Amino acid sequence: MDKFEKVDILLVEDNPTDAELTMRALRKSKLANNITWVKDGAEALEFIFRSGAFAERPDENPKLILLDLKLPKVDGIEVLKRIKADERTRIIPVVMVTSSAEGRDVVESYKLGVNSYVVKPVDFDQFSDTVAKAGLYWMLMNKAPE
Amino acid sequence: MAIAGSTIRKIATPLTFSARMRWRYAAVFLALVFTGIILIAWQSYRALDHELTAAALSRRGAVSDLAAATLSEKFDHLVDVGISLATRVRFRQLIAAGQWAEAIEILRDVPRDLPFIERLFLTDVEGTLMADVPELPGVRGKSFAYREWHKGISRYWRPYVYPVYQRAAAPQLNVFAVAVPIRSGDGEVSGILVLQMRVDIFFEWLKAIEIGPEGIAYVVDPEGQLAFHSKFPGRNEIVKFSAVPAVQRVLRGSRGVEVTFDPVEAEDAVSAYTSLSGYGWGVVVQQPVQAAFAAKNDQLARLLVAYGLVLLFCVLIAYLVSRVIVQRRQAGVDLRAKAELERRVAERTAQLEATNKELESFTYSVSHDLRSPLRAVDGFSRILEEDHAGVLDDEGKRLLKVIRDSSQKMAMLIDDLLEFSRLGRKPIAAAEVDMGALVQGVITELSAAPGAASPEWRVGPLPQAWGDGVMLRQVWVNLLSNAVKFSARRGQPIIETGGNTDGDQNVYYVKDNGVGFEMQYYNKLFGVFQRLHSAEDFPGTGVGLAIVQRVIARHGGRVWAEGKVEQGAAFYFSLPKGKPHGQI
């Protein structure tokens, strides 16, 4: 059971450098205690719905999902759709974190019930700031339904 | 246009070919029909010609038959008169008794009662004149056995109409005679009664017969001598006509109509001849060919004119029909060419749309994929700076800053490029735009930016515009921020904006008293990534004015500028007052 600890934040990010930068930003904001990082949509779904490699995970939803839009295997939109379609996972706050500022992605995400949509700035300071704010907001300020 | 032209040609060629074939068939068909019509017309013309000729000939024949019948009747009548005179009982007895003077007395009144009888006389069987009435001096007792009439009657002792001759006694008229034998009670011929008529009588007899214009009629005796000629009724000498072919034939007893050369009249003539059966005489009725066929030729000429008119009419109809067909075919060709053109346009449009889609997904990938490594460059440079500042000297830190500046510059370039391409694809959401409010909003925003310059704003009246508010806002942002940027170094920057209506266009402008630009580089002003100032002096990517131009062009307007180095710049753009027609 030690293998699976309590998870606060699920980071779904295929790009390791982006993942590292994100985690660093979260760490700086003291939000990095329980971060799990998965690298593609399929893995994310396995984690969320406790199947495959995550079948033994305790039945506990993460408090926040940071979801990249463009992912290998199953893309972010599809993952979002599945999360929001399931009664058990619908309440998990999902923040889309993406490089794309394309309008259609924003619209599509909000249609599917995303809780927030964050465009990753190239500037690292801005990036850190954005990620930290999003994490803080959803982790601390927003009272998740029990 | 070249593509469209070749397309039409390509489509039109096979059409023209098959149409040409069809046209050829139609032409052959028409030619056959016309040939048929002409043949039928020619056939009927020939038939009619034949009929009319036959009619003209038979008319001539009828005239000659009528003349011959009239003459035969008259001759019969003469013979009857002769016989009735010669068979009177008393007369016969007196002749048989040789009492010639008494016998002639009985006949004395006959020339008076029958005026066509010029004279009558009695001869004995030998032909010696015994008595006559009216009496002529010096003929009584003279033998006329040499005369043809005597030879004629003495051959069979039957009544005989004999040829024309000139009377021996004065006046020496041309006469013909009917000789009748006088028989006694036992049947013996005892004398001859001769009735002598002047040939003028023929004129009387035949004058009622219509011989037609230029027509002639003549009567020949069995000798071929002319007894009467309608052209020369009073002619005195006796002319032999036996050389004339018609005369030769009529004297042989035949009857006919023919077109021959008449040696006497020296012309082609239609001659009808009829013999007087039993008398050996003949009648010839003749008309020059031209006159005889005048009516026929007239009729045929009228027919030809009618045929000509019908043919002309047919040709006209054919021409009109062919015109209609050609026009229809042309219309068909045009329609098909147009349809094909439209199909190709639709095809191209679909291709372009597909290409556009590809381009869109490409730019999407660019926006996503290029930004990620840039972020890594910037982020890790920052981490290096933060976490390992101790091991970096000042030069190292400067180099890190260059790396971070460059990556941020590149991010800006990518963002602007994406914005530029997005503006090209995005459909225009046109509506009424309050330009005054728009400009005020932009100015407020620009002034609120941290560290913003504070130029003097002079905002004039701005006419309402018709267009996409978001895009037009971008135009104002770009133009006004440029003005702020390039006038920032002035002691007192002044930015003036305004607009007016010029015909069906609204013209807006932004003027500043900034660094301006050299007009010789004007053509680079609105190009993508084209810059007239160094990035060091004035930061920017060189996309702003390109976006302005693109937005205004898509609205159906125009952008232009004026500038002088160190004396400011003025940018103008025009927009159609109404809704733009289509998109560019």
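Once that is clear, we can look at the packing of helix α11 (residues 394-425) of chain B against helix α14 (residues 544-554) of chain B. Geometry of a packed helix pair, given as the angle between the helix axes and the separation of the axes. All names here are of chain B. For the pair α11 and α14, interaxial distance at closest approach is 10 Å and the crossing angle is 5°. Overall, the two elements α11 and α14 adopt an arrangement that is roughly parallel. For the pair α11 and α14, the contacting residues are Asp416, Glu419, Phe420, Ser421, Leu423, Gly424 and Arg425 in the first and Ala546, Ile547, Arg550, Val551 and Arg554 in the second. Looking at the contact of α11 with α14 residue by residue, the class counts come to five nonpolar, two polar and five charged.

So, on to the interface of chain B and chain A. On the chain A side, the residues contacting the 22 residues of chain B number 25 residues. Overall, the association of chain B and chain A removes approximately 2,100 Å² of surface from exposure, summing both partners, and the carbon and sulfur fraction of that is 48%. Along the contact surface separating chain B from chain A lie seven salt bridges. Summed over the shared surface of chain B and chain A, the result is eight residue pairs in polar contact (both at pLDDT 80 or more). Mapped onto the side of chain B that touches chain A, the elements with two or more residues apiece are α9 (294-369), α10 (371-387) and α11 of chain B. Broken down by element, the residue count for the side of chain B that touches chain A peaks at 12 residues, all from α10(B). Residues of the side of chain B that touches chain A, tallied by class, amount to six nonpolar, six polar and 10 charged.

What holds strands together in a sheet is hydrogen bonding between their backbones, with the strands either parallel or antiparallel. Residue and element names in this part refer to chain A. Strand order across the open sheet formed by five strands is β2-β1-β3-β4-β5, with parallel pairing between neighbours. Unpaired on one side and paired on the other, β2 (35-38) and β5 (116-119) mark the two borders of the sheet. Neighbouring strand axes in the sheet, compared pairwise and without regard to direction, differ in orientation by 20° on average. Both strand β3 (residues 64-67) and strand β4 (residues 94-98) contribute to a ladder of three bridges, which runs parallel. Paired with Ile65 across the bridge in β4 is Val94.

If you walk through the whole model with that rule in mind, you get 40 salt bridges over all chains. Between Arg404(B) and Asp125(A) there is a salt bridge, and its shortest N-O distance comes to 3.8 Å. Within this pair, whereas Arg404(B) is found in helix α11, its partner Asp125(A) is found in helix α5 (residues 124-141), the two belonging to separate chains. For Asp125(A), a relative accessible area of 33% corresponds to the partly exposed category. Glu340(B) is the salt-bridge partner of Arg344(B), the closest N and O atoms lying 2.9 Å from each other. Highlighted residues: Arg344(B) and Glu340(B), both in helix α9, separated by four residues, approximately one helical turn. Classification of Glu340(B) as buried rests on a relative accessible area of 18%.

About the thresholds
Residues numbered from 1 in each chain as written. Chains lettered and ligands numbered in written order. Predicted model: local features only at pLDDT ≥ 70, side-chain atom pairs only at ≥ 80, totals over all residues. Heavy atoms only, no water. Axes fitted to C-alpha atoms, helices over the stretch in contact; angles between N-to-C directions. Helix = DSSP H or I, 4+ residues; strand = E, 2+ residues; numbered from the N terminus. Parallel < 35°, antiparallel > 145°, perpendicular 65-115°, else oblique. Contact = heavy atoms within 4.5 Å. Nonpolar A, V, L, I, M, F, W, Y, C, P; charged D, E, K, R; others polar. Buried area = accessible area lost by both parts, 1.4 Å probe. Salt bridge = Lys/Arg side-chain N within 4 Å of Asp/Glu carboxyl O. Polar contact = N/O pair within 3.5 Å; in protein donor to acceptor, adjacent residues only side chain to side chain. Pairing = 2+ DSSP bridges. Buried < 20%, exposed > 50% of the residue type's maximum accessible area, 1.4 Å probe, protein only.

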